[in-house]
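Summary of structural features
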Amino acid sequence: MGPRRDLRGTGERIEALLAELRSGEDAARAEELVRLLMELYGGGLERVVELVRAEPGGEDRLRRLAADPLIGSLLALHDLHPVPLQERIEDALQKVRPYLGSHAGGVELLGTDEHGVVHLRLEGTCHGCPSSSVTVNLAIEQAIREAAPEVAGISVEGLATAPRPLQIAPLGSSDEDAGGDGAWVAIEGVGTVLPGSVQPAEVEGVALVLIAARGELYAYADRCAACGARLGDASLHDTVLACRRCGARFDVRRAGTSLDGGSHLHPLPLLFEEGGWKVAIPSGRVA
């Protein structure tokens, strides 16, 4: 198999070329050419779907194929995805709920309007908490766009006011490369985090702890919200992290909410892509 192509970049280039053509004399011809090409490849893809469905177990096979991000995107583009849009969005929200926990409370899908915008409602958002807002924004938007790339936008009611959103930056980019808003930065040594363990790390000068609990990986700022102590030597019992100095307990599956009342830990969004794990580091850093 050859190297994986940057199809997202290809799509962006196509959009840029179309924008240039629309301003010229051949705009109508360019639009018609794109429309005909879409019809041609869409018709071929529709025929492939029909043939797969006609085979024994075809519907299950088609769903497995659609789980691939590239194939799923193409099927969605031509309105051929075997999983209904609302079901894909609900599944996406279900995957991110453990990361939102007490910060976002309930995440309710209100529906999708005629313009293709997904409308959500959050309850219990931690107002005035930048880390909560960044986590909610990134986690929800990323999950929905991966599951339903055809959506035109995402509107969230009840989201706390947050600083400017993080920009997705290339691997190894600095905050300056990301326009000063922050960056996704690769984490070294993730493979050494054993199940049920806590491991301290440092990324771009930010101290954090990586926590492996119940088959999931979580990242938090390396500071106890109750006493300010480092958490690298904290104990982990199932999903409960306990500070060695003061004994404060936090649920890592619920965005670091305190089990004793009071402050919560500072969660840092994680992203897995080809090449390994990345963590979102805000431009303002972690105080």
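Residues numbered from 1 in each chain as written. Predicted model: local features only at pLDDT ≥ 70, side-chain atom pairs only at ≥ 80, totals over all residues. Heavy atoms only, no water.

1. Quick word on unusual backbone geometry
A positive phi angle is found at Glu204, which is not glycine, with a value near 50°. Note that Glu204 resides in the loop between β5 (198–203) and β6 (206–213). Residue classification places Glu204 among the partly exposed residues on the basis of a relative accessible area of 39%. Of note, Asp238 is a non-glycine position whose phi angle comes to about 60°, a positive value. Relative to the helices and strands, Asp238 resides in the loop between β8 (235–237) and β9 (240–242). Residue Asp238 is classed as partly exposed on the basis of its relative accessible area of 46%. (Helix = DSSP H or I, 4+ residues; strand = E, 2+ residues; numbered from the N terminus. Buried < 20%, exposed > 50% of the residue type's maximum accessible area, 1.4 Å probe, protein only.)

2. Some details on the pattern of salt bridges
Oppositely charged side chains are able to pair whenever their charged atoms sit close together. Enumeration according to the criterion identifies 11 salt bridges in this entry. Notably, a salt bridge pairs Glu55 with Arg61, separated by 3.1 Å at the nearest N-O pair. Residue Glu55 is classed as partly exposed on the basis of its relative accessible area of 41%. Here Glu150 ties to Arg88 by a salt bridge, and the two come within 2.7 Å at their closest N and O atoms. Residue Glu150 is found in the loop between α6 (130–147) and β3 (153–157), and its partner Arg88 is found in helix α5 (residues 85–104); the two are separated by 62 residues along the sequence. When its relative accessible area of 33% is taken as the criterion, Glu150 is described as partly exposed. Among the residues examined, Arg88 registers a relative accessible area of 8% and is labelled buried. Three or more residues joined by partner-sharing salt bridges are found here, namely Glu32, Arg35 and Glu39. (Salt bridge = Lys/Arg side-chain N within 4 Å of Asp/Glu carboxyl O.)

3. Re the sheet that holds β3
Here we have 3 strands laid out as an open sheet, ordered β1-β2-β3, and mixed in their pairing. The sheet is open, and its two borders are formed by β1 (107–112) and β3, each paired with just one other strand. Across the sheet, the mean angle separating the axes of adjacent strands is 25° when strand polarity is ignored. Across 5 bridges, the pairing between strand β2 (residues 117–122) and β3 is parallel. Looking at β3, one finds that Leu120 is bridged to Val156. (Pairing = 2+ DSSP bridges. Axes fitted to C-alpha atoms, helices over the stretch in contact; angles between N-to-C directions.)

4. Thoughts on the nonpolar core
Grouped together as the largest cluster of nonpolar side chains are 17 residues, with contacts concentrated most on Ile211, Tyr220, Leu231, Leu241 and Val252. Secondary-structure elements contributing two or more residues to this core are β6 and β7 (216–221). For this core, the element with the highest residue contribution is β6, accounting for 3 residues. Val252 has contacts with Ile211, Ala213, Tyr218, Tyr220, Thr239 and Leu241, leaving out every residue within four places of it along the chain. (Core = buried A, V, L, I, M, F, W, Y, C linked by side-chain atoms within 4.5 Å. Contact = heavy atoms within 4.5 Å.)

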